[in-house]
Amino acid sequence: MHFSKLIYLFLMIFCGSQLSGQNTGVLVGSVKDKATQEVLIGATLKLEGMSLGATTDADGNFRIAGIAPASYAIVATYVGYKTATRYNVVVTTGNAAFVNFELEGASTTLGEVVITENKSVKIASIETPLSIQNLSVEEIKSNPGGNFDISRVVQTLPGVGGTDGSSGGFRNDLIIRGGAPNENVYYLDGVEIPVINHFTTQGAAGGPTGILNVSFIEDVTLASSAFQARYDNPLSSVLQFRQRDGNPERFQGNVRVSGSETALTGEGPIGPKTTYLVSARRSYLQLLFKIVGLPIRPNYWDFQYKITHKFNAKTTLTSIGVGAIDEFSFAAPKEATPENLYILSSVPNINQWNYTQGFTLKRLINDGFWNLTFSRNMFDNRLDQFADNFDSKQTDEAKRILGLKSQEIENKLRFDYNKYVGAWKWSFGAGLQYVKFNNRTFAVISPEVRDTLDNVVQQRVTANFGTAIDFVKFGAFGQVNRSFFNQRLSLSFGLRADGNTFTDDGADLFKTLSPRLSATYGFAPRWRLNASVGRYYKIAPYTALGFRDENNQLANQDLPYTRCDHFVAGLEYLPTPTLRITLEGFYKKYGDYLVSARDGISLANQGGGFGVIGNERLLATGNGESYGSELFVQQKLTKRLFFVASYTLFWTKFSGADGRLIPSAWDNRHLFALTTGYKFRKNWELGVKYRFQGGVPYTPLDLEASRRNYATLGTGTLDYTRLNSIRLDNFNQLDIRIDKKWNFKRTTFDLFVDVTNVLAGVAPQPPTYTFRRNADNTAFATTDGQPLRSDGSNALPIILGSSPGSFLPTVGFIFEF
């Protein structure tokens, strides 16, 4: 009786708070000139279709109060500038909503033709007029199946594939237009962050889940070509995360609990000129893996902060930090199935930690601005794997097949200067990095194998070395832009060169000169023709540069920078203020690509698994190409509906030591993604995401070599004479998410149900090889009841295929206060 009264009282209070007119939210933000970053005083902000609005103050800031909780379109106008609209801005009572505008100077007319710009959906710049997409924070937060992981959400964009279709759905590596996972670079508020995932693959970038807290993010921009000259090392993409500042008015925060993590975020003012954002997250991923019956237990923490201090109207100092602690251990599976036992034997025990710390000083000047950025990042990676690897506390060195302790440290200083002179924009800058890398590696490449007469039929081969190197990387860039014919035609030319003090030809900047040219032409109202051509370079991973051979000599100092030439052309059509359609064709030509000297395989096929890549003797003899076309349609929120749809048809091929171009491990051919959402009344939301990926090629097993090596290595051995000769089945997945928000006086409660893989679609995986074990799982079963022979001739092999698809519903909530 008492409990029912409490429930009744709660419902009365809840209903009363819902019906009260006092539950309103606040919208705050700023308006700046996009070119010069100067604040715009007196700009007008208005909620579309309503009378509520405000104007910016002397600091370019605005505040609109008394807003009923809902999703709105916010319109910013200023005399002499193009009108801009931000869609799907969610206002709640718990946290203030933030919207920052950067307005461009208005277009002019030429004769009978008026060139219109719709900045609501068009996010390209003169430097990058095509191959660029943008996602707002709401599109990331509410993405079905995305689990607040930005890397997974980005996979709905054109040309973006992932490894989850061939890894059981538990990785989020980004495959951009057929390029390997390590061909992408990542920037957080202008600071490069080499590691954006927990349990990352050293020498690549992917992992099971992302590090960045979506509560910090204002928007995400992906450029898959036409990279600005200020960025070094991209071959396939530049992914930029822009964070908002903390609330300057009061303390606020949120608690988020989902199926894989709990996150706590807080923000507020430190003083009249300083704000902060801070967060910590703890994983529940180990519980999720336990529920689905996997024997691995990923366990992680991550931390993030941002502090912004404004010295005055022209000078701002920003400090950011991101860090993570990862532990990947094992547990006895619910069922000792061959699949679970294979996972136990094939995956190393992982202990990692990493951080990135950056400081940026921004100074406005007449008609421009400059940035000075100092950052430091460090990555500590430890891997341990033993034969018969069923005890995560294993210490028997005689059974060790992998032991790695490695650290990567980078200290970076970067300066860029941006100036407008009439119709010209000039940008130039330089960067300096001091790099330290150390590595202690022991790995069994192949075990010793003896036949029944005790004759050695396969020699034991190991890698056993320690290394410590340090060197300096440097680079400089310049870029110039100009618009003609009243902005109908815009051209951009950039030039970059990079070098280092470590590799044989590293100091020769002429060998890395990378020009790029972009053009955009508005040939009719709402229509644009865009094109770009560019050359881009990437230094070999530190795992390769620090590798030492059997004579303890650095074996890869002769490696040049990998080269990639891009050729892209496309059409852009903006039929309405909320709709954007693009069609692009691309061709990428690779040169000096890294190839394993041991097995002759291109590293372009690696990076989608746990461990390390590049930690071996390499040859820069590989070539490659990727080409195809993309169609993209984006409808911003209007009449309660929004959607993003993309289709990519492409081919990607790379050569190994034999010089023959064959389909790479990322050659899906077909990528299709559709994400849509509908905003119902009373704060109900429905999101649906569907993805389709064509089957990727894989290399079949060498059954004889697998039989000899499995007992020691814990994995099958691939037959590289038939590299990527067979294709997996296609992959498709449907995810659905339902949200319901309750807005109280000063708090908001968002309850969501996220159902991943509604149709229980199978994530195709290449066949794997294992031996059957006995009933009590204490040893391998054999044909003769005797202990397993070293050549595996009395083993009972099992070939494992794709596992059944998992239908995975999760319930979570976000509490704003």
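Conventions and cut-offs
Residues numbered from 1 in each chain as written. Predicted model: local features only at pLDDT ≥ 70, side-chain atom pairs only at ≥ 80, totals over all residues. Heavy atoms only, no water. Helix = DSSP H or I, 4+ residues; strand = E, 2+ residues; numbered from the N terminus. Buried < 20%, exposed > 50% of the residue type's maximum accessible area, 1.4 Å probe, protein only. Contact = heavy atoms within 4.5 Å. Areas by Shrake-Rupley, 256 points an atom, 1.4 Å probe, with all protein chains shown as cover. Pairing = 2+ DSSP bridges. Axes fitted to C-alpha atoms, helices over the stretch in contact; angles between N-to-C directions. Salt bridge = Lys/Arg side-chain N within 4 Å of Asp/Glu carboxyl O.

A.B. asks: Explain the overall build of the protein chain here, please?
C.D. replies: The helix and strand inventory of the protein chain stands at seven helices and 47 strands. The C-alpha extent of the protein chain, read off along each of the three principal axes, is 90 × 80 × 45 Å. Counting every position in the protein chain, which comprises 817 residues, the buried fraction comes to 55%. Long-range pairs, those at least 24 residues apart, make up 66% of the contacts in the protein chain with a sequence separation of at least 6. For the protein chain, the accessible surface area stands at approximately 32,700 Å², while carbon and sulfur atoms represent 59% of it.

A.B. asks: Please clarify how the sheet that holds strand 6 (residues 84–91) should be interpreted in this entry.
C.D. replies: By definition, the strands of a sheet pair up through backbone hydrogen bonds, in either a parallel or an antiparallel sense. Read from one edge to the other, the open sheet built from four strands follows the order 3-2-5-6, with strand pairing classed as antiparallel. In this open sheet, the two edge strands, each paired with only one partner strand, are strand 3 (53–55) and strand 6. Taking each pair of neighbouring strands and ignoring which way they run, the sheet shows an average axis angle of 20 degrees. Of the strand pairs in this sheet, strand 2 (residues 44–47) and strand 5 (residues 70–77) are connected by four bridges, and their pairing is antiparallel. Across the sheet, residue T44 finds its bridge partner in strand 5, namely T77.

A.B. asks: Where do I start with the pattern of salt bridges in this structure?
C.D. replies: A side chain of one charge can pair with a side chain of the opposite charge when the charged atoms of the two come close. Taken as a whole and assessed by the stated rule, the structure comprises 45 salt bridges. One salt bridge connects E249 with R63, and the closest N-O pair in it is separated by 2.7 Å. Of this pair, E249 sits in the loop between strand 18 (237–243) and strand 19 (252–257) while R63 sits in strand 4 (residues 61–67), placing them 186 residues apart in sequence. A single salt-bridge network, built from bridges that share partners, covers E102, E218, D219 and R242.

A.B. asks: Sorry if this is basic, but what is going on with the environment of G403 here?
C.D. replies: With respect to the secondary-structure elements, G403 resides in strand 26 (residues 400–421). For G403, a relative accessible area of 13% puts it in the buried group. Sequence separation of G403 and V444 is 41 residues, and the distance between their C-alpha atoms is 9.4 Å. Among residues more than four places away in sequence, those in contact with G403 are L383, D384, R440, T441 and F442.

A.B. asks: How should the sheet that holds strand 7 (residues 97–103) be read in this particular structure?
C.D. replies: Strands sit in the order 4-1-7 across an open sheet of three strands; the sheet is mixed. The strands lining the two open edges of the sheet, one partner per strand, are strand 4 and strand 7. When strand polarity is set aside, the average angle formed by the axes of neighbouring strands in this sheet is 20 degrees.

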